[in-house]
Amino acid sequence: MAATLQRISNVHLATMVGEGYGLIQDGVIIFDQQQIHYAGPRESAPSVTVNDIDGRGGFITPGLIDCHTHLVWAGSRADEFAQRLHGVSYAEIAANGGGIAATVRATRAATEAELVKVATPRLQALMAEGVTTIEIKSGYGLSLDDERKQLRAARQLAEQHPVSVATTLLAAHAVPPEFRDDADAYIDLVTNTIIPTLAGEGLADAVDAFCETVGFTPAQTEQVFQAAQAVGLPVKLHAEQLSNQHGSQLAARYQALSCDHLEHLDEAGVKAMAAAGTVAVLLPGAYYFLRDTHLPPVALLREHGVPIALATDANPGTSPIFSLQLMLQMGATLFRLTPEECLRGVTVNAAQALGYQDRGQLKAGLRADLCWWDVDDLATLTYQFGINPLVACWHQGSRR
């Protein structure tokens, strides 16, 4: 094992252990192709035979984690974006077959190989900025076969790239056209067929739903949670984005990994999430793209100790954005998060939002997912956008 060890020295470590950055000035990190062996001060580093790397006074952070994306879809909604800018309403676009229905049609028509092909550049853009773990949701198939196809495509992306993919079954994303007048019947299909079948095939790591006036009711959402619970899958929820449906409290009762969006979250929901250990995943890209003005309750989340994560929400309709570094900047400028909160939001807290305890920090025994940044101050990662300061990235100890 000694021959496979690598050591980066002349570097500062943002361990994310404890509060803030968990910063270790003049640190050393030693790792192999599986895990970190040492992350600490230079003077305490063990003497071992290693492949030495000069960190050139930069910073090492955990590999970045994008814990909420819809990365696998077909088609484009750029034409709808242009129509809206020319004054056409979303209702008119939807009435003409646009909106999510257009993405569902295109995704259903695409083959699994085609879905992998169109998703690849999106994934590669995120990887180029230091993403080593990404969550990918389904939700544009809305049938057993097409949800399966999306999840299989997500798994293929992981096989073809040095990145870890967590798959989330989001069949309860919208009501498909064939069930337009009977959402309850569609929820029956989701709970009685789609969830147990795809869970049995090992394609889903978690189950999500969209609890909203334009999505599913709390009662329908609870049926989804019960079906997930029956097959042993954890849950998460698109909650309180457009209105307060109290979905966060419902999700907390099911020990949800995360509640996401949360612009209309109230204190009761915050308290419920805090008690359940549920992570608040904020999505500034969607907030920006939709030109929202209702901020998530960051002060309440801080007051009650709810971990805050950030993610791209990469999707065709409300956040066609493939830059987690941009989310750091937006998290600060739009939501007034501190630089420390932003970086924790794409490392240790993002790992928690996916139920992972083996990554997101620089600590002996954890996975060797690392980013090396050429910056003089970690705040630079939040302060600027457009120049990528990533020098190198390791996924499970292998340099990409």
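Residues numbered from 1 in each chain as written. Predicted model: local features only at pLDDT ≥ 70, side-chain atom pairs only at ≥ 80, totals over all residues. Heavy atoms only, no water.

A. Quick peek at the domain arrangement of the chain. Examined at the domain level, the chain breaks down into domain 1 (6-63 + 361-399) and domain 2 (64-354). In this structure, domain 1 and domain 2 have C-alpha centres spaced 30 Å apart. Carbon and sulfur atoms make up 63% of the area that domain 1 and domain 2 hide from each other, which totals about 1,900 Å². Considering only the surface of domain 1 that becomes buried against domain 2, Thr 382, Phe 385 and His 395 emerge as the three largest contributors, covering 31% of it. If you look at where domain 1 meets domain 2, you find zero salt bridges. The tally of links between domain 1 and domain 2 comes to nine residue pairs in polar contact (both at pLDDT 80 or more). Elements represented by at least two residues in the side of domain 1 that touches domain 2 include exactly strand E5 (59-62), strand E14 (370-373), helix H15 (380-383) and strand E15 (390-395). The greatest single-element share of the side of domain 1 that touches domain 2, amounting to four residues, is contributed by E15. In terms of residue class, the side of domain 1 that touches domain 2 is made up of 15 nonpolar, nine polar and three charged. (Domains from an automatic or database assignment. Buried area = accessible area lost by both parts, 1.4 Å probe. Salt bridge = Lys/Arg side-chain N within 4 Å of Asp/Glu carboxyl O. Polar contact = N/O pair within 3.5 Å; in protein donor to acceptor, adjacent residues only side chain to side chain. Helix = DSSP H or I, 4+ residues; strand = E, 2+ residues; numbered from the N terminus. Nonpolar A, V, L, I, M, F, W, Y, C, P; charged D, E, K, R; others polar.)

B. View of the UniProt feature "binding site: N-formimidoyl-L-glutamate" (unreviewed entry) in the chain. Within this structure's numbering, the places UniProt gives as "binding site: N-formimidoyl-L-glutamate" (unreviewed entry) are Tyr 140, Asn 315 and Gly 317. These residues run over 178 residues, yet every pair of their C-alpha atoms falls within 11.4 Å of each other. Along the chain, Asn 315 falls in the loop between strand E13 (308-310) and helix H12 (324-335). Discounting residues that sit within four places of it in the chain, Asn 315 has contacts with His 70, Trp 73, Tyr 140 and Pro 320. From its side chain, Asn 315 meets the backbone oxygen of Asp 313 in a polar contact 2.7 Å long. With respect to the helices, strands and loops of the structure, Gly 317 is situated in the loop between E13 and H12. (UniProt positions renumbered as here; feature names shortened; annotations may be inferred. Contact = heavy atoms within 4.5 Å.)

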